[in-house]
Amino acid sequence: MMERPSWEEYFMAITHLVAKRSTCIRRQVGAILVKDKRILATGYNGVPPGLAHCHDVGCLRDTEGIPSGERHELCRGLHAEQNVIIQAAYHGINIKDSHLYCTNLPCSICMKMIIAAGIRKITYEEGYPDRLAEEMMKESSLELFRLTKEQA
């Protein structure tokens, strides 16, 4: 008999597929929002529609030697978590009490948006070096679950 993936494995696998659409030179990140085992929206990191992609014009963060987890505002692109929230809003989809699946732990800017949007749970695989994001997550009522690649 064929073994079916768990819901966590299923949604995380889709998140990895979404990440493949990323146009970021440094890191491909994917995010999906789920409610009642239904996908509400997807997002990956990249520039807003109509702007030149980083792989075409270069990466300011690379040029300036900015380490991961610092100076988020110096980037042409949106994070996957920002894009998934924007996509839901653009299409009028209610994401309150939804579950975010993301390939990486969100940064502090994304964490503020996640908390304000009423997202209740985050499942991620890899960490991200942002102490403020971790502090805000602990202060909030968010549930956090790390799904390692061995579990997926």
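Reading the values: the criteria
- Residues numbered from 1 in each chain as written.
- Predicted model: local features only at pLDDT ≥ 70, side-chain atom pairs only at ≥ 80, totals over all residues.
- Heavy atoms only, no water.
- Helix = DSSP H or I, 4+ residues; strand = E, 2+ residues; numbered from the N terminus.
- Rg over C-alpha atoms; globule rule 2.2 N^0.38 Å.
- Buried < 20%, exposed > 50% of the residue type's maximum accessible area, 1.4 Å probe, protein only.
- Contact = heavy atoms within 4.5 Å.
- Lys, Arg positive; Asp, Glu negative; His and termini not counted.
- Charge placed at Lys NZ, Arg CZ, Asp CG, Glu CD.
- Salt bridge = Lys/Arg side-chain N within 4 Å of Asp/Glu carboxyl O.
- Pairing = 2+ DSSP bridges.
- Axes fitted to C-alpha atoms, helices over the stretch in contact; angles between N-to-C directions.
- Core = buried A, V, L, I, M, F, W, Y, C linked by side-chain atoms within 4.5 Å.
- Parallel < 35°, antiparallel > 145°, perpendicular 65-115°, else oblique.
- Left-handed = near helix turned anticlockwise from the far one by under 90°.
- Nonpolar A, V, L, I, M, F, W, Y, C, P; charged D, E, K, R; others polar.

Novice: Which parts of the structure should I look at to understand the overall build of the chain?
Specialist: Broken down by element type, the chain carries six helices and five strands. Ordered by position from N to C terminus, the α and β elements of the chain give α-β-β-α-α-α-β-α-β-α-β. Radius of gyration (C-alpha) of the chain: 15 Å, near the 15 Å computed for a compact globule of 152 residues. With the C-alpha coordinates of the chain rotated into their principal frame, the extents come out at 50 × 40 × 35 Å. Per-residue burial for the chain yields a buried fraction of 41% across its 152 residues. Taking all contacts inside the chain whose residues are at least 6 apart in sequence as the whole, residues at least 24 apart take part in 55%. Taken as two groups, the 19 positive and 19 negative side-chain charges of the chain have centres that lie 4 Å from each other.

Novice: I'm lost on the pattern of salt bridges in this one. Help?
Specialist: Once the charged atoms of two side chains with opposite charge are near each other, the side chains can pair. Overall, the coordinates contain four salt bridges when judged by the stated rule. Residues E73 and R71 are paired through a salt bridge, measuring 2.7 Å at the closest nitrogen-oxygen approach. The closest approach of N and O atoms between R120 and D97, which form a salt bridge, is 3.0 Å. With R120 in the loop between α5 (108-117) and β4 (121-126) and D97 in the loop between α4 (80-90) and β3 (99-104), this residue pair connects regions lying 23 residues apart in the sequence. For R120, a relative accessible area of 33% puts it in the partly exposed group. Each member of the salt-bridge network shares a partner with another, and the members are K96, D97 and R120.

Novice: Teacher, can you tell me more about the sheet that holds β4 here?
Specialist: Within a sheet, adjacent strands bond to each other through the backbone by hydrogen bonds, running parallel or antiparallel. Spatially, five strands are ordered β2-β1-β3-β4-β5 in an open sheet, and the strand pairing comes out mixed. Each end of this open sheet is capped by a strand with a single partner; those strands are β2 (38-44) and β5 (143-146). The average angle at which neighbouring strand axes cross in this sheet is 20 degrees, direction not considered. Sheet topology note: the strand β1 (residues 30-35)/β2 ladder contains six bridges and is antiparallel. Each bridged residue has a counterpart across the sheet, and for A31 the counterpart in β2 is G43.

Novice: How should the nonpolar core be read in this particular structure?
Specialist: Generally speaking, nonpolar side chains in soluble globular proteins are found buried as a group. In terms of nonpolar packing, the biggest core is built from 19 residues, with V84, L100, M111, I114 and I119 touching the most fellow members. Mapped onto this core, the elements with two or more residues apiece are β1, α4, β3, α5 and α6 (131-139). Setting aside its immediate chain neighbours within four residues, M111 contacts P106, I122, A133, M136, M137 and L142. One finds I14, I32, V34 and Y101 within the second-largest nonpolar core, a separate group that totals eight residues.

Novice: Please explain α4 as it appears in this structure.
Specialist: Given 3.6 residues per helical turn, the α-helix brings residues three or four places apart onto the same face. Taken together, the buried positions of α4 are occupied by A80, E81, Q82, N83, V84, I85 and A88. G92 lies just past α4 and shows a positive phi near 70 degrees.

Novice: Hey, could you run me through the packing of α4 against α5 in this one?
Specialist: The relative placement of two packed helices is expressed as an angle between their axes plus a distance between the axes. For the pair α4 and α5, the least separation of the axes is 9 Å and the interaxial angle reads 30 degrees. When the axis of α4 is compared with that of α5, the two are roughly parallel. Classified by chirality, the crossing of α5 by α4 is left-handed. Residue-level inspection shows E81, Q82 and I85 of α4 in contact with α5, the latter providing I109, C110, M113 and I114. Across the contact of α4 with α5, the residue classes break down as five nonpolar, one polar and one charged.

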